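Here's the letter readout for the chains.
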Amino acid sequence: MEGAAGGIGLDELQLAARNHGMPLELLREEVTPIGLHYLLTHYDIPAVDPEAWRLTVGGRVAAELSLSLADLRRREPLEVVATMECAGNGRARLEPRPVSQPWLLEAVGTGRWRGVPLRSLLEEAGVLAGAQEVVFAGLDHGIENGVEQDYARSLPLEEARRGDVLLAYELNGVPLPPQHGFPLRLLVPDWYGMASVKWLSRISVVEEPFAGYQQEQGYRLRREPDDPGEPLTRIYPRALMIPPGIPDFMSRERTLAAGPCRLSGRAWSGWAPVAAVEVSVDGGGTWREAELAAPGELGRWAWREWWYRWEAPAEGRHALMCRASDEAGNRQPDEPVWNVGGYVNNAVQRVIVTVTAPGG
Ligand SMILES: Nc1nc2c(c(=O)[nH]1)N[C@H]1C(S)=C(S)[C@@H](COP(=O)(O)O)O[C@H]1N2
Ligand SMILES: [Mo]
């Protein structure tokens, strides 16, 4: 990926038109309605015949499995409400801009996923001694930087054996929609979205670290092009705000009337529970702690609501900001940290608002 300094190119626009984000006002919903969850698909959405489709589990296992959708649906189900975020969220704000899907802030969503725990299938197949990783391959096929491939990613065996890693066949109570991986996807709570392989068809237990493109080339944090980099795994903390007031069509800057204004949004981290959310209403000059909802019914893999009472002073432009930290000591930086792939830019959100006189 090369950096671009100018405006968004047609290649980036083409990607952005296929892969949409979640409109930030949808932060009001604790579970994102289908169709409003963000989307990221590297190649084409494959056509899958659910009758003919099978999931195979093979490689270093005692007994290979081949399972139909009906076989999976007969098993003990598990439901996980999980916040998923693309590792490239925030990429478009880096300078020079890494040329790829140009996300601003909206590559996030929370789904109610239902399926079968991966662990139960690994137990049934019987993982043999010497196994290191589990590789997941999708049915989508394409070319990336000259390398033809099925989209595939691996997980270390101990992550694959976590009880909360799902083979999901439902989202928000309905069969997976085509764009989210019908008929089956992997769902790795707390990890950036790239780990959650869609249109899953093959699971292989392997003895060597997987060297596929999406593991070795993509999704690594590199400071310079020939740096081997570190693989991306869990989601770093972020808080986002529902933009208050009303938007301008083109600039999307906000306008609202002076007086009491409830600022609110959601915050998440894949490393540890969110410890605090802070708000600044003066462009980062001073910060105050927001109220943070208890983890609640959604469970520990979902974002948490926060809110803050702001008395919007009459007439003027203000930069509203919010930032999260987690119990592992991770906190959002004020400024983006550049890297070759344009990943993990969790610099704080800034919302510009113009306050008008009350009733004006
Ligand atoms: N098979 C397959 N799985 C995939 C992808 C893909 O292109 N193909 N994209 C990944 C990336 S980068 C992300 S961020 C998430 C997005 O999931 P969603 O489109 O359901 O929101 O899917 C991941 N799983
Ligand atoms: Mo992604």
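Residues numbered from 1 in each chain as written. Chains lettered and ligands numbered in written order. Predicted model: local features only at pLDDT ≥ 70, side-chain atom pairs only at ≥ 80, totals over all residues. Heavy atoms only, no water.

Undergrad: What am I meant to see in the packing of aromatic side chains here?
TA: A ring pair, where both rings are aromatic, is described by two values, the distance of the centres and the angle of the planes. Tallied over the entire structure, the rule returns four aromatic pairs. Geometrically, the ring pair formed by tryptophan 268 and tryptophan 303 is tilted, given 5.9 Å between the ring centres and 55 degrees between the ring planes. Here tryptophan 303 lies in the loop between strand 21 (291-292) and strand 22 (304-312) and tryptophan 268 lies in strand 18 (residues 259-268), a separation of 35 residues in the sequence. Each member of the pair tryptophan 268 and tryptophan 303 is classed as buried. The ring centre of tryptophan 287 lies 3.8 Å from the NZ or CZ of arginine 323, which sits over that ring. (Phe/Tyr/Trp six-rings, centres within 6.5 Å; stacked < 30°, edge-to-face > 60°. Helix = DSSP H or I, 4+ residues; strand = E, 2+ residues; numbered from the N terminus. Buried < 20%, exposed > 50% of the residue type's maximum accessible area, 1.4 Å probe, protein only. Lys NZ or Arg CZ within 6 Å of the ring centre and 35° of its normal.)

Undergrad: Just to check I follow, could you spell out the sheet that holds strand 19 (residues 274-280) for this structure?
TA: Within a beta sheet, neighbouring strands are joined by backbone hydrogen bonds and run either parallel or antiparallel to one another. Strand order in the open sheet made by the six strands is 16-17-24-23-19-20, with mixed pairing throughout. Strands at the two margins of the open sheet, each flanked by one partner only, are strand 16 (246-247) and strand 20 (288-289). Of the pairings in the sheet, the one linking strand 17 (residues 254-257) to strand 24 (residues 349-356) comprises four bridges and is parallel in character. Paired with arginine 254 across the two strands is valine 353, which belongs to strand 24. (Pairing = 2+ DSSP bridges.)

Undergrad: Explain the state of the cysteines here, please?
TA: Every disulfide links exactly two cysteines, by a covalent bond between their sulfur atoms. Following the criterion strictly, the structure yields zero disulfides and no others. Here cysteine 261 is not disulfide-linked; the sulfur of cysteine 322 is the nearest cysteine sulfur, at 13 Å. Residue cysteine 261 is classed as buried on the basis of its relative accessible area, which comes to 12%. (Disulfide = S-S within 2.5 Å.)

Undergrad: I would appreciate a short explanation of the confidence of the model for the protein in the present structure.
TA: Low pLDDT marks regions whose predicted coordinates should not be analysed in detail. Overall, the prediction assigns the protein a mean pLDDT of 97, with 99% of residues at 70 or greater. When mean pLDDT is taken per element in the protein, strand 11 (residues 185-187) scores highest with 99 and strand 1 (residues 3-4) scores lowest with 77. (pLDDT = per-residue confidence, 0-100.)

Undergrad: What should I look at first to understand the sheet that holds strand 2 (residues 55-59) in this one?
TA: Taken in spatial order, the five strands line up as 3-2-12-7-8 in an open sheet, and their pairing is mixed. A single partner strand is all that each edge strand has here, and the edge strands are strand 3 (65-67) and strand 8 (147-156). Across this sheet, the average inter-strand angle for adjacent strands is 25 degrees, counted without regard to direction. Contacting strand 2, strand 3, strand 7 (133-144) and strand 12 (200-206), helix 3 (residues 118-125) runs over the sheet at an angle of about 135 degrees to strand 3. (Axes fitted to C-alpha atoms, helices over the stretch in contact; angles between N-to-C directions. Contact = heavy atoms within 4.5 Å.)

Undergrad: What's the story with the site of ligand 1 in this structure? I'm lost.
TA: Within the structure, ligand 1 sits among 19 residues, and Tyr38, Asp140, His180, Arg185 and Lys198 are positioned closest to it. Separating an oxygen atom of ligand 1 from a side-chain N or O atom of histidine 180 is a distance of 2.6 Å. Within the complex, 100% of the 530 Å² of free accessible area of ligand 1 lies under protein. For the shell around ligand 1, the per-class residue count stands at 10 nonpolar, six polar and three charged. (Near = heavy atom within 4 Å. Polar contact = N/O pair within 3.5 Å; in protein donor to acceptor, adjacent residues only side chain to side chain. Areas by Shrake-Rupley, 256 points an atom, 1.4 Å probe, with all protein chains shown as cover. Nonpolar A, V, L, I, M, F, W, Y, C, P; charged D, E, K, R; others polar.)

Undergrad: Help me out: how do you make sense of unusual backbone geometry in this one?
TA: With the exception of glycine, most residues fall at negative phi, and the peptide bonds are largely trans. In this structure, proline 96 follows glutamate 95 across a cis peptide bond, with omega equal to -10 degrees. Looking along the chain, the bond that leaves phenylalanine 182 and enters proline 183 is cis, with omega of 10 degrees. Here proline 183 is to be found in the loop between strand 10 (174-175) and strand 11. Even without being a glycine, asparagine 172 presents a positive backbone phi close to 50 degrees. Inspection of the secondary structure puts asparagine 172 in the loop between strand 9 (166-171) and strand 10. In this structure, aspartate 190 takes a positive phi of about 80 degrees despite not being glycine. By the element assignment, aspartate 190 lies in the loop between strand 11 and strand 12.

Undergrad: What should I look at first to understand helix 3 in this one?
TA: Think of an α-helix as turning once every 3.6 residues; residues three or four places apart then point the same way. For helix 3, the full list of buried residues reads Leu118, Leu121, Leu122 and Ala125. Along the axis of helix 3, the buried positions cluster into a sector of 100 degrees, meaning they face one direction only. Just downstream of helix 3 lies glycine 126, where phi reads positive at about 80 degrees. (Arc of directions from axis to C-beta.)

Undergrad: Would you take a moment to explain the pairing of strand 2 for this structure?
TA: In regular strands, side chains alternate between the two faces of the sheet. In this structure, strand 2 lies alongside strand 3, joined through three bridges in antiparallel fashion. Its bridge partner lying in strand 3, valine 57 is registered against leucine 65. Between strand 2 and the antiparallel strand that follows it, strand 3, lie five residues. Relative to strand 12, strand 2 runs parallel, the two being bridged by four bridges. Residue pairing for strand 12: valine 57 is matched across the bridge by isoleucine 203.

Undergrad: What exactly am I supposed to notice about the pattern of salt bridges here?
TA: If charged atoms from side chains of opposite charge come close, those side chains can pair. Within this structure, the stated rule accounts for 18 salt bridges. In this structure, arginine 234 and aspartate 190 form a salt bridge, with 3.8 Å as the shortest nitrogen-oxygen distance. Here arginine 234, found in the loop between strand 14 (230-231) and strand 15 (238-241), pairs with aspartate 190, found in the loop between strand 11 and strand 12; they are 44 residues apart in sequence, far enough to count as distant. Take arginine 234: its relative accessible area is 18%, and that puts it in the buried class. (Salt bridge = Lys/Arg side-chain N within 4 Å of Asp/Glu carboxyl O.)

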